[in-house]
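Structural overview for review
Residue-level listing of the chains:
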There are 2 protein chains.
Amino acid sequence: MASIKDVAELAGVSKATVSRVLNNTGQIREGTRARVHKAMEKLNYRPSPLAKSLATSSSNTVGLVVTSYRGHFYSELMAEVQEEMEVQGKFLLVSRGKRSRSSEQEAIQRLTDMCCDGLILHTRNMFDEDLVDLSKGSTPFVVLDRSVKDLEDRSIVYDHTLAGKMAVEHLLEKGHRKIACIAGPRSRMTAALRFDGYVQALESYGISVDESLVAEADYDRLGGYRAMKDILERQPDITAVYSCSEEMTVGAFDLFRERGINLPGDISIISFDSVSLCTMLTPQVSTVHFPIKEMAAESARVLTALMHGEQDVQPQRFIPELRLRDSVREI
Amino acid sequence: MASIKDVAELAGVSKATVSRVLNNTGQIREGTRARVHKAMEKLNYRPSPLAKSLATSSSNTVGLVVTSYRGHFYSELMAEVQEEMEVQGKFLLVSRGKRSRSSEQEAIQRLTDMCCDGLILHTRNMFDEDLVDLSKGSTPFVVLDRSVKDLEDRSIVYDHTLAGKMAVEHLLEKGHRKIACIAGPRSRMTAALRFDGYVQALESYGISVDESLVAEADYDRLGGYRAMKDILERQPDITAVYSCSEEMTVGAFDLFRERGINLPGDISIISFDSVSLCTMLTPQVSTVHFPIKEMAAESARVLTALMHGEQDVQPQRFIPELRLRDSVREI
DNA sequence: TTGTATGCGTTATCAT
DNA sequence: ATGATAACGCATACAA
């Protein structure tokens with residue numbers, strides 16, 4: 001690989017001059033510029049990003065840390081950020097915090113050590129104060145789907161509780177009273193919030209929650225299948241289900257299909273949805289939409305603004321939105 | 001940020017010594033080692049990956065180049081490679097070749113400039129000879145889902161034509177004769193191959209292809225919807241459909257749902273499938289499985305072997321496999 | 001307008 | 001067992 005030195009020699013100038021034409025900085029005579037260009041051409045010269053980063057401590061990359069890679073949700077998240085960043089000409093470095101405070105911090109450190117120009121954090125286990133500490137450093141970052149006090153201008157947030165409440169209230173309005181809940185692992189913040197929505201909606205109708213109506217499961221297809229099965233065993237006469245994730249909903253449908261249960265005739269269902277899995281099912285299921293895609297894109301945009309040194313960025317607010325389809329009937 | 005120099009000074013040794021304890025190379029007295037460690041601790045020292053890369057021309061990252069980020073397929077591909085690489089402690093750098101020979105080559109150059117230790121290429125537009133040229137360089141790489149002559153030991157391949165043939169023959173065996181084909185963009189290699197499978201299967205039954213039975217569409221949901229609509233307009237009395245991608249199948253189902261078309265009563269369908277979208281549909285649709293996930297993982301493993309300097313790696317062969325479910329009826 | 005010299009944080013080759 | 005020192009490829013402050 002030809003280096004800047006080779007180009008300089010061939011063009012009969014100094015390295016500094018080559019560097020100048022490279023970055024379009026300073027004044028250079030047209031003649032020498034041409035000579036340098038020709039030399040670069042001839043040597044098929046390409047600057048080393050590594051050396052440049054070392055010299056400037058900026059790397060033209062941004063880091064993304066997530067808690068998992070598995071599943072449509074994270075795939076979509078990664079892809080979206082990736083695409084948005086490419087527009088900025090930035091590379092994306094992805095790292096995973098393995099569901100613990102320390103591993104999340106470690107991931108962040110690795111990324112900053114690599115001189116990422118910015119960070120997008122979808123971390124669930126770090127404390128708010130950790131994030132606030134981080135904000136004292138020089139690397140700009142945004143937090144995705146998490147509201148951090150004092151970091152509002154870098155938080156891309158969504159009100160999971162309200163979303164859940166709206167979903168369950170819809171069921172309530174349609175006359176359902178015996179409403180099951182397929183909940184995510186309650187150790188996870190957003191899962192807990194979504195469950196809160198269930199509780200609040202019920203309370204607003206003067207109904208207290210019956211624990212035998214709720215099952216906690218992993219946020220995936222099999223989890224949904226099992227949860228639905230458990231609930232139906234305990235409470236065969238439910239009329240509606242509130243599912244806290246689309247993949248769990250797909251799992252529930254596996255059971256419905258297996259048992260010949262009819263929707264919405266026998267059971268109504270409403271679900272969270274991010275990647276439109278719910279519109280592939282038959283009947284298409286009514287959802288509260290959790291717009292991870294748009295939020296990921298927004299996080300990329302906000303980060304870009306931050307990296308450009310813009311002040312007072314106002315992250316877009318994402319409001320829960322009901323998407324009514326064919327899986328809920330009136331009773 | 002503390003550098004190796006700071007550590008050396010604090011520990012009262014030279015930079016070289018610090019470097020040695022860092023990499024566990026050479027012999028060092030226990031006492032000094034301890035002192036160095038303490039100094040590192042105290043300064044919260046972390047080595048700069050950038051400087052290390054510059055010095056060693058290796059970066060602890062691998063590059064992945066794909067043609068798109070959109071859709072479940074690519075998402076899954078990225079996520080799988082990502083996860084597999086993390087096990088090796090490698091970072092992943094993703095870049096996109098925008099469906100042209102030159103942009104794919106450009107992406108590769110950027111990645112090699114960053115001193116990636118290895119490359120995974122899911123490129124469709126470069127020529128075989130480009131790849132062969134590349135193989136003369138020093139960066140190990142593998143090609144995903146493409147068979148390159150003279151590069152068999154780095155090609156993770158799948159027989160799309162055979163897969164398509166098997167799918168259509170299944171339809172044929174069940175008595176179907178008027179079989180529509182929802183094809184991908186024929187400019188794309190694998191789409192063309194899958195279509196070939198259709199042609200071959202038909203020929204083996206002495207049937208010549210009727211172009212009005214086939215529609216070419218984008219490899220996505222909307223494409224499938226439109227293609228299905230077009231075909232039904234021209235040929236309302238088809239009995240079966242061969243769909244070349246799962247997302248197109250989802251789109252076809254959108255139309256079926258809209259029109260109240262019954263499966264497999266009115267129409268039978270068989271589809272390619274990679275991300276199990278087809279098992280979410282009702283009825284679950286019979287498929288030929290294109291195991292992109294496993295192939296992505298295999299590509300990561302083969303690359304790892306290559307990077308470790310192993311010779312004679314034999315990439316696993318992936319054989320098309322029919323997964324019969326409930327979307328095809330006998331007539 | 002251009003050149004010189006130094007620094008960025010490592011590794012690696014010689015010495016000692 | 002340890003230290004000096006030269007790379008690695010670029011940017012940049014200071015001279016000229």
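Residues numbered from 1 in each chain as written. Chains lettered and ligands numbered in written order. Predicted model: local features only at pLDDT ≥ 70, side-chain atom pairs only at ≥ 80, totals over all residues. Heavy atoms only, no water.

**Examining the protein's contact with DNA strand D**
Inspection of the region around DNA strand D gives 27 residues, with I4 and Y45 of chain A together with T17, R20 and Q27 of chain B positioned closest. Each atom of DNA strand D within 4 Å of the protein was classed as base or backbone; sugar and phosphate made up 66%. Within the side chain of K15 of chain A, one N or O atom sits 3.3 Å away from a base nitrogen of DNA strand D. Contact between DNA strand D and T17 of chain B: a phosphate oxygen at 2.6 Å from a side-chain N or O atom of the residue. Counting residues per element, the surface near DNA strand D draws most heavily on helix α2 (residues 15-23) of chain A, at 5 residues. Classifying every residue of the surface near DNA strand D gives 11 nonpolar, 10 polar and 6 charged. (Near = heavy atom within 4 Å. Polar contact = N/O pair within 3.5 Å; in protein donor to acceptor, adjacent residues only side chain to side chain. Helix = DSSP H or I, 4+ residues; strand = E, 2+ residues; numbered from the N terminus. Nonpolar A, V, L, I, M, F, W, Y, C, P; charged D, E, K, R; others polar.)

**Notes on the protein's contact with DNA strand C**
Taken together, 27 residues lie near DNA strand C, and T17, R20, Q27 and T32 of chain A together with S19 of chain B sit nearest. Atoms of DNA strand C within 4 Å of the protein belong to the sugar or the phosphate in 65% of instances, the rest to bases. Interatomic distance of 2.8 Å between a backbone N/O atom of R29 of chain A and a phosphate oxygen of DNA strand C. Between DNA strand C and N23 of chain B, the relevant distance is 3.0 Å, taken from a phosphate oxygen to a side-chain nitrogen or oxygen of the residue. Contributions of two or more residues to the surface near DNA strand C are made by α2 and α4 (49-56) of chain A together with α2 (15-23) and α4 (49-56) of chain B. Looking at which element gives the most residues to the surface near DNA strand C, the answer is α2 of chain B, with 5 residues. In the surface near DNA strand C, the residues fall into 11 nonpolar, 10 polar and 6 charged.

**Quick notes on the pattern of salt bridges**
Here the idea is simple: oppositely charged side chains can pair when their charged atoms come close. Here the structure, examined in full by the defined rule, presents 44 salt bridges over all chains. One connected set of salt bridges, linked through shared partners, spans R70 and R96 of chain A together with E80, E83 and E86 of chain B. (Salt bridge = Lys/Arg side-chain N within 4 Å of Asp/Glu carboxyl O.)

**With respect to the interface of chain B and chain A**
Contact residues are listed per partner, giving 47 residues for chain B and 47 residues for chain A. Taking both partners together, chain B and chain A bury about 4700 Å²; carbon and sulfur atoms supply 54% of that area. Summed over the three residues of chain B that lose the most area to chain A, namely L50, F91 and M280 of chain B, the buried surface amounts to 16% of that side. Linking chain B with chain A are 10 salt bridges. Summed over the shared surface of chain B and chain A, the number is 24 residue pairs in polar contact (both at pLDDT 80 or more). Those elements that provide at least two residues to the side of chain B that touches chain A are α4, α5 (71-87), β2 (91-96), α6 (101-113) and α11 (246-259) of chain B. (Contact = heavy atoms within 4.5 Å. Buried area = accessible area lost by both parts, 1.4 Å probe.)

**What to know about the packing of aromatic side chains**
Under the counting rule described, the total for this entry stands at 14 aromatic pairs over all chains. Geometrically, the ring pair formed by F195 of chain B and Y198 of chain B is tilted, given 5.7 Å between the ring centres and 35° between the ring planes. Highlighted residues: F195 of chain B and Y198 of chain B, both in helix α9 (residues 189-204), separated by 3 residues, approximately one helical turn. By relative accessible area, which is 8% here, F195 of chain B ends up buried. Every member of this aromatic cluster is reached through a ring pair, and the members are F73, Y74, Y158 and F290 of chain A. Looking at R186 of chain B, its charged tip hangs above the ring of F195 of chain B, at a distance of 4.2 Å from the centre. (Phe/Tyr/Trp six-rings, centres within 6.5 Å; stacked < 30°, edge-to-face > 60°. Buried < 20%, exposed > 50% of the residue type's maximum accessible area, 1.4 Å probe, protein only. Lys NZ or Arg CZ within 6 Å of the ring centre and 35° of its normal.)

**Observations regarding a negative patch on the surface**
All names here are of chain A. A cluster of acidic residues, D150, E152, D153 and D312, forms a negative patch on the protein surface. Mapped onto the elements, D153 comes out in the loop between β4 (141-144) and β5 (155-156). With relative accessibility at 34%, the residue D153 sits in the partly exposed group. (Patch = residues over 30% accessible without salt bridge, like charges linked within 9 Å, V, L, I, M, F, W, Y side chains within 5 Å. Areas by Shrake-Rupley, 256 points an atom, 1.4 Å probe, with all protein chains shown as cover. Lys, Arg positive; Asp, Glu negative; His and termini not counted. Charge placed at Lys NZ, Arg CZ, Asp CG, Glu CD.)

**As for the packing of α4 of chain A against α4 of chain B**
Each packed pair of helices is defined by two parameters, the angle between the axes and the distance between the axes. Relative orientation of the contacting elements α4 of chain A and α4 of chain B amounts to 140°, with a least axis distance of 9 Å. The pairing of α4 of chain A with α4 of chain B is recorded here as oblique in orientation. Note that α4 of chain A runs across α4 of chain B; the crossing there is left-handed. For the pair α4 of chain A and α4 of chain B, the contacting residues are L50, A51, S53 and L54 of chain A in the first and L50, A51, S53 and L54 of chain B in the second. The class makeup of the residues in the contact of α4 of chain A with α4 of chain B is 6 nonpolar, 2 polar and no charged. (Axes fitted to C-alpha atoms, helices over the stretch in contact; angles between N-to-C directions. Parallel < 35°, antiparallel > 145°, perpendicular 65-115°, else oblique. Left-handed = near helix turned anticlockwise from the far one by under 90°.)

In short, the description is geometric, and any link to function would need to be established separately.
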